[in-house]
Amino acid sequence: LATEGIVTVTVDRDFEKGKLYTIALPFTINTAASVFGNGTVVYNFANLAYDKTNEEYILGFTKVSKIEAGKPYLIEPGQNVNGFVAENVTLSSATSVSKTVKVDNVEKTATMTAVLSKTTTGGSYWLAEDRYLYNGEVNMPALRALFVLPTTPSGMPARARVALKEDAATGVEDLFTTDAPVKVIQNGQLIIIRDGVKYNVQGQVIR
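Reading guide: rules and limits
- Residues numbered from 1 in each chain as written.
- Predicted model: local features only at pLDDT ≥ 70, side-chain atom pairs only at ≥ 80, totals over all residues.
- Heavy atoms only, no water.
- Helix = DSSP H or I, 4+ residues; strand = E, 2+ residues; numbered from the N terminus.
- Buried < 20%, exposed > 50% of the residue type's maximum accessible area, 1.4 Å probe, protein only.
- Contact = heavy atoms within 4.5 Å.
- Phe/Tyr/Trp six-rings, centres within 6.5 Å; stacked < 30°, edge-to-face > 60°.
- Salt bridge = Lys/Arg side-chain N within 4 Å of Asp/Glu carboxyl O.
- Pairing = 2+ DSSP bridges.

## Things to note about the overall build of the chain
And then number 1: Scanning the chain from terminus to terminus reveals one helix and 17 strands.
And then number 2: Going through the 207 residues of the chain one by one, you find that 46% of them count as buried.
And then number 3: For the chain, the proportion of contacts with a sequence separation of at least 24, taken over those separated by at least 6, is 64%.

What follows is the structure, encoded as structure tokens:
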């Protein structure tokens, strides 16, 4: 990508209507629906909570109207998009958004970081289709976002999911029904069953 001036950018990434994606762009889209269709919803990382019962972090997201350059978001497209062209845009570098929560009187911080160039996830977490965050090592294409999560109060690696809200003032509340996951061993492989769907430990659906 060019680093300065006004340019035209071709985005080679597909989006499917109604699915939830992380997204980060080096340029601003003032009205997301103009690219991703009517009914598109963009979410900003707004708050962090900890569910002691299930020992998991909940990353709260609230609706916003536009995608700002260099910032990480979640997006539910209103139509299928097979790439697009952004003309006469100014490019910006990647930024991060961090939120904290106090757990057992200890401040815990989660960070969502824009990924503008392809990378490997390393110790960072990525969003799976079940809306949980996983930290298996994968190759991460550009124009997405990764998460850095704190450990649990006992020092174990984090388990986390996202919760989507319309209004930040309402706080964090899970708006989709998710049964407690069940972990089983099948053919020597750890399988996670949630809402009747089987996933591997990387969050990929097993068919």
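Back to the text.
## Focus on unusual backbone geometry
And then number 1: Here Asn 105, not a glycine, exhibits a phi torsion of approximately 65°, which is positive.
And then number 2: Along the chain, Asn 105 turns up in the loop between strand E7 (96-103) and strand E8 (106-115).
And then number 3: Judged by relative accessible area, which is 71%, Asn 105 ranks as exposed.
And then number 4: Even without being a glycine, Arg 131 presents a positive backbone phi close to 70°.

## Section: the packing of aromatic side chains
And then number 1: Scanning the model with the defined rule gives seven aromatic pairs in all.
And then number 2: With centroids separated by 5.1 Å and ring planes inclined at 80°, the aromatic side chains of Phe 15 and Phe 36 adopt a geometry described as edge-to-face. Note that Phe 15 is positioned in strand E1 (residues 6-15) and Phe 36 in helix H1 (residues 33-36), a separation of 21 residues in sequence. Phe 36 shares its class with Phe 15; the two are buried.
And then number 3: Taking 6.4 Å as the distance between ring centres and 80° as the angle between the ring planes, the aromatic pair formed by Phe 27 and Phe 84 counts as edge-to-face. Residue Phe 27 is found in the loop between strand E2 (21-24) and H1, and its partner Phe 84 is found in strand E6 (residues 81-90); the two are separated by 57 residues along the sequence.
And then number 4: Residue class for Phe 27 comes out buried when judged on its relative accessible area of 1%.
And then number 5: Residue classification places Phe 84 among the buried residues on the basis of a relative accessible area of 11%.

## Regarding the pattern of salt bridges
And then number 1: Taken as a whole and judged by the stated rule, the model has seven salt bridges.
And then number 2: Arg 161 is paired through a salt bridge with Glu 56; the nearest N and O atoms lie 2.3 Å apart. Pair noted here: Arg 161 is in strand E14 (residues 160-165) and Glu 56 is in strand E4 (residues 56-64), with a separation of 105 residues, a long-range link. You'll find Arg 161 and Glu 56 in the same group, each marked buried.
And then number 3: Ionic pairing is found between Glu 68 and Lys 71, a salt bridge with its closest N-O pair at 3.0 Å.
And then number 4: Residue Lys 71 is classed as partly exposed on the basis of its relative accessible area, which comes to 32%.
And then number 5: A cluster of three or more residues bridged by salt bridges with shared partners is formed by Glu 16, Lys 19 and Glu 129.

## A short note on the pairing of strand E3 (residues 41-51)
And then number 1: Across the 11 residues of E3, eight count as buried, placing the element largely inside the fold.
And then number 2: The pairing of E3 with strand E5 (residues 72-76) spans three bridges and is antiparallel. Within the sheet, the bridge partner assigned to Tyr 43 lies in E5 and is Leu 74.
And then number 3: As defined by bridge partners, E3 adjoins E4 across nine bridges and the pair is classed as antiparallel. In the sheet register, Asn 44 faces E4, and the bridge partner there is Thr 62.
And then number 4: Counted between consecutive antiparallel strands, the loop separating E3 from E4 contains four residues, among which Glu 55 sits at a positive phi close to 50°.

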